[in-house]
Amino acid sequence: MSSASTHQPKILVAVVGVGLVGSELINQLLSIPPPLSPFKLVSLTSSSRSLFTGKESPIGPNDSWKSLLASSKAPADLKALTEQLKQLVGEKERVALVDNTSSEEVAAFYPTWLKEGINVVTPNKKAFSGDADLYSKILSASRESGAKFLNEATVGAGLPVIAPLKELLATGDKIIKIEGVFSGTMSYIFNNFSTGTPEGPAFSSVVAIAREKGYTEPHPADDLNGFDVARKLTILSRLISSMPSGSSLPSLQSFASVQTASLIPPALEGIPTGDEFIKRLPEFDDEFAKLRVEASKENKVLRFVGVVDVAGGQVRAGLEKYPTDHPFATSLGGSDNIIMFHTERYSPRPLIVQGAGAGAAVTAMGVLGDLLKLV
């Protein structure tokens, strides 16, 4: 860090959501030695309570932030937090709020916070992939006040996906197509299920193992419906659409507008529990095995991919076949994500980003990386 930046006023940080990612982010943020840190941690909000220390006595690396929050009598109250942060902005402080939740209720506050000059940093996909009206309010609030919203961790956790896309667009490159394995869960399932041979483990057993390892949601249908991928595609698509060269893309009202081919067998739609779903899934193993055999006849593997096809004017998510020598077949392992940017400049060979796309440590890193962009 340059000596100039150490004299800049520190950014006051309020953290909402202190679960797996939130806790990891706080620990990473507090591990920067205070003299070098460009941040002061002034507020924590959990689902039930809140702590506001103010700028004079921020939470430090030697404080037990969990105990401080647990002993706070103040309830979680986003309206009160907004007023406290507004006051700091009024005192000419630079303020950033980090939303580590996956809550739509918290996301609905973004336009208010941005309008008040509070920067918003988040891995929460809801605001950027939900209702188009909320997204447009976020854009105009940010433009109006100059406060930034940064959401790198919404697509690939700590992987650089949004930053390079913004840079490609800002420097005048034209995006032809983005395609990728955007879901760590789907990556793990198909890396193990489809390797290019006609044989292999039963689909239901791969899903069951993925669930035991914690790669899936408690109810695997929440992954197999493809909604997580559709949300990520919506985020990327809206970013591209904001540039004149992306005008051929459909205007997405929400992630539900993405053409998404769910992997949930119709007979299992609406099954209430994950346990029952796993118990019934073997009834459909033959159907999935047939798809694997068909792919292997063409020397291909099955992968659940997301595609933003700017040239073709289409945004879609579903199961597709790729040759056994394609990077989606050869270089993927475990639950890695891989994203290819086909652009005018990166053509015919695309720009490829690959690595762990889920997990608390890398997600928190993506969030902290965004906070550092404010410095």
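Residues numbered from 1 in each chain as written. Predicted model: local features only at pLDDT ≥ 70, side-chain atom pairs only at ≥ 80, totals over all residues. Heavy atoms only, no water.

Section: the sheet that holds strand β12 (residues 351–356)
Within a beta sheet, neighbouring strands are joined by backbone hydrogen bonds and run either parallel or antiparallel to one another. Strand order in the open sheet made by the 6 strands is β8-β10-β9-β7-β11-β12, with mixed pairing throughout. The open sheet is flanked by β8 (259–260) and β12, the only strands paired with a single partner. Of the strand pairs in this sheet, strand β7 (residues 175–181) and strand β11 (residues 336–343) are connected by 6 bridges, and their pairing is antiparallel. Across the sheet, residue Lys 177 finds its bridge partner in β11, namely His 342. In the packing of helix α11 (residues 184–193) onto the sheet, the strands contacted are β7, β9 (300–309), β10 (314–323) and β11, and the crossing angle to β9 comes to about 155 degrees. Each of β9 and β10 is contacted by helix α16 (residues 285–297), which is oriented at about 90 degrees to β9, the strand it contacts most. (Pairing = 2+ DSSP bridges. Helix = DSSP H or I, 4+ residues; strand = E, 2+ residues; numbered from the N terminus. Contact = heavy atoms within 4.5 Å. Axes fitted to C-alpha atoms, helices over the stretch in contact; angles between N-to-C directions.)

Remarks on unusual backbone geometry
Residue Pro 348 is bonded to the preceding Ser 347 through a cis peptide linkage, with omega at 5 degrees. Even without being a glycine, Lys 92 presents a positive backbone phi close to 65 degrees. Tracing the sequence through the fold places Lys 92 in the loop between α4 (78–90) and β4 (94–99). Residues other than glycine seldom take positive phi values, yet Ala 157 does so here, at roughly 55 degrees.

A short note on the side chain of Asn 225
Here Asn 225 is to be found in the loop between α13 (221–224) and α14 (227–241). Looking at Asn 225, its side chain comes within polar contact range of the main-chain nitrogen of Phe 227, at 2.9 Å. Not counting chain neighbours up to four residues away, the residues in contact with Asn 225 comprise Thr 260, Ser 262 and Ile 264. (Polar contact = N/O pair within 3.5 Å; in protein donor to acceptor, adjacent residues only side chain to side chain.)

What about the UniProt feature "domain: Homoserine dehydrogenase catalytic" (unreviewed entry) in the chain?
Under the feature "domain: Homoserine dehydrogenase catalytic" (unreviewed entry), the UniProt entry names residues 160–372. Between the end C-alpha atoms of residues 160–372 the distance is 14 Å, and the span holds 40% helix and 20% strand. (UniProt positions renumbered as here; feature names shortened; annotations may be inferred.)

Details of the UniProt feature "binding site: NADP(+)" (unreviewed entry) in the chain
UniProt tags Gly 17, Val 18, Gly 19, Leu 20, Val 21 and Gly 22 as "binding site: NADP(+)" (unreviewed entry). For Gly 17, the location among the structural elements is in the loop between β1 (11–16) and α2 (20–30). Setting aside residues no more than four positions away along its own chain, Gly 17 makes contact with Gly 22, Thr 45, Asn 100 and Thr 101.

A look at the sheet that holds β1
Spatially, β3-β2-β1-β4-β5-β6 is the arrangement adopted by the 6 strands of the open sheet, whose pairing is mixed. Here the strands that pair on one side only, and so sit at the sheet edges, are β3 (50–52) and β6 (149–150). Judged from the 2 bridges that link them, strand β5 (residues 119–121) and β6 form a sheet pairing that is parallel. Each residue of the ladder has a partner; that of Val 120, found in β6, is Phe 149.

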